[in-house]
Amino acid sequence: MEESMLDQDVLLDLLARKDNRAYQYLYQCYYVALKALANYYVKDNDVAEDLVQDVFISLLESDYKFKTENDIKYFLYSSLKNRCISHSRKQKVRDKYYRDVVSSQNEEEHFWDKVLEEDVYARLMAAIETLPPQCKLVMMMTLDGLKASEIAERLHISVDTVKDHKSNGKKKLTAQLKDAELLCLIGFLWL
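Residues numbered from 1 in each chain as written. Predicted model: local features only at pLDDT ≥ 70, side-chain atom pairs only at ≥ 80, totals over all residues. Heavy atoms only, no water.

K.L.:
Help me understand the overall build of the protein in this model?
P.N.:
In terms of helices and strands, the protein carries eight helices and zero strands. In the protein, buried positions account for 31% of the 191 residues. Intrachain contacts of the protein at a sequence separation of at least 6 include 55% that bridge at least 24 residues. In the form shown here, the protein has an accessible surface area of approximately 12800 Å², with 55% of it arising from carbon and sulfur atoms. (Helix = DSSP H or I, 4+ residues; strand = E, 2+ residues; numbered from the N terminus. Buried < 20%, exposed > 50% of the residue type's maximum accessible area, 1.4 Å probe, protein only. Contact = heavy atoms within 4.5 Å. Areas by Shrake-Rupley, 256 points an atom, 1.4 Å probe, with all protein chains shown as cover.)

Right, here's the structure in full:
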């Protein structure tokens, strides 16, 4: 049997008898075109190979009685099209699931970052509440982002007095708060 010149009637007979020569012939005739088409749609060479292999396996397992070689060709291409569509749908579901998982992980990380931030802030504010009134006021204004000169102007005190309150407040807060995060925050805020 010449592989490239198999008569249609012989091919159909071999295929009906599930003769391996029919599958080899069809594989040689259509594999390259089917793989190129699959690769065009799925954009992944390995996946394309797997899909084409699945098509040939389904042909092997099929009990359909083909009447012409065009029927076989239609079977191969329509099977491949269906597999490409199915793969694409599954990939979209996987991609969406992956995005959702990554998003939920990011949301969870953001949630715990926010919890930590709020905890640190609440503890710092509780410690500031224990400071003497004028020192407490200077520290709160510092947290609001005001400069020493602005605080001095608002409280009608000297810039040196503001600096003294900030220095004393920082020392008292450092003594009260032992956590590294809070100490770093205190150091950063009142450099």
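K.L.:
Hey, could you run me through a negative patch on the surface in this one?
P.N.:
A surface patch of negative charge is lined by Asp 44, Asp 46, Asp 50 and Asp 54. Relative to the helices and strands, Asp 50 resides in helix H3 (residues 45-61). Judged by its relative accessible area of 47%, Asp 50 is partly exposed. (Patch = residues over 30% accessible without salt bridge, like charges linked within 9 Å, V, L, I, M, F, W, Y side chains within 5 Å. Salt bridge = Lys/Arg side-chain N within 4 Å of Asp/Glu carboxyl O. Lys, Arg positive; Asp, Glu negative; His and termini not counted. Charge placed at Lys NZ, Arg CZ, Asp CG, Glu CD.)

K.L.:
What am I meant to see in the packing of aromatic side chains here?
P.N.:
Both the distance between ring centres and the angle between the ring planes are used here to describe each pair of aromatic rings. For the structure shown, the criterion picks out six aromatic pairs. Between Tyr 64 and Phe 66, the aromatic rings sit 4.9 Å apart at their centres with planes inclined by 70°, giving edge-to-face as the arrangement. Residues Phe 66 and Phe 75 carry aromatic rings whose centres are separated by 5.5 Å and whose planes lie at 75° to one another, so their mutual orientation is edge-to-face. Both residues of the pair, Phe 66 and Phe 75, belong to the buried class. Grouping aromatic residues by their ring pairs yields a cluster made of Tyr 27, Tyr 31 and Phe 56. The positively charged end of Lys 43 is found above the aromatic ring belonging to Tyr 40, 4.5 Å away from the centroid. (Phe/Tyr/Trp six-rings, centres within 6.5 Å; stacked < 30°, edge-to-face > 60°. Lys NZ or Arg CZ within 6 Å of the ring centre and 35° of its normal.)

K.L.:
Please clarify how the environment of Leu 51 should be interpreted in this entry.
P.N.:
Among the secondary structure elements, Leu 51 is positioned in helix H3. Along the chain, Leu 51 and Ala 38 lie 13 residues apart, while their C-alpha atoms are 7.3 Å from each other. Apart from the residues lying within four places of it in its own chain, the contact partners of Leu 51 are Val 42, Leu 80, Arg 83, Cys 84 and His 87.

K.L.:
Before we go on, may I ask you to explain the pattern of salt bridges in this structure?
P.N.:
Two side chains bearing opposite charge may form a pair once their charged atoms approach each other closely. Under the counting rule described, the total for this entry stands at five salt bridges. Put simply, Asp 63 and Lys 18 hold a salt bridge, and the shortest N to O gap is 4.0 Å. Taken together, the residues Asp 63 in the loop between H3 and helix H4 (69-129) and Lys 18 in the loop between helix H1 (8-16) and helix H2 (20-42) connect sequence positions 45 residues apart.

K.L.:
Can you walk me through the nonpolar core in this structure?
P.N.:
Proteins that are soluble and globular tend to have nonpolar side chains buried together. One finds Leu 26, Phe 56, Leu 59, Ile 72, Leu 76 and Leu 80 to be the most contacted residues of the largest nonpolar core, which totals 26 residues. Contributing elements (two or more residues each) for this core: H1, H2, H3 and H4. Ranked by the residues each element gives to this core, the list is headed by H2, at nine residues. If near-sequence neighbours (up to four positions away) are discounted, Leu 76 is found in contact with Tyr 30, Leu 34, Val 55, Phe 56 and Leu 59. Among the nonpolar cores identified, the runner-up in size contains nine residues, and Leu 124, Met 125, Ile 128 and Met 139 belong to it. (Core = buried A, V, L, I, M, F, W, Y, C linked by side-chain atoms within 4.5 Å.)

K.L.:
Explanation requested: the confidence of the model for the protein in the structure shown.
P.N.:
Note: predicted coordinates in regions of low pLDDT should not be interpreted at a detailed level. Per-residue pLDDT for the protein has a mean of 84; in total, 87% of the residues score no lower than 70. No element of the protein has a lower mean pLDDT than helix H8 (residues 180-189), at 57, and none a higher one than H3, at 93. (pLDDT = per-residue confidence, 0-100.)

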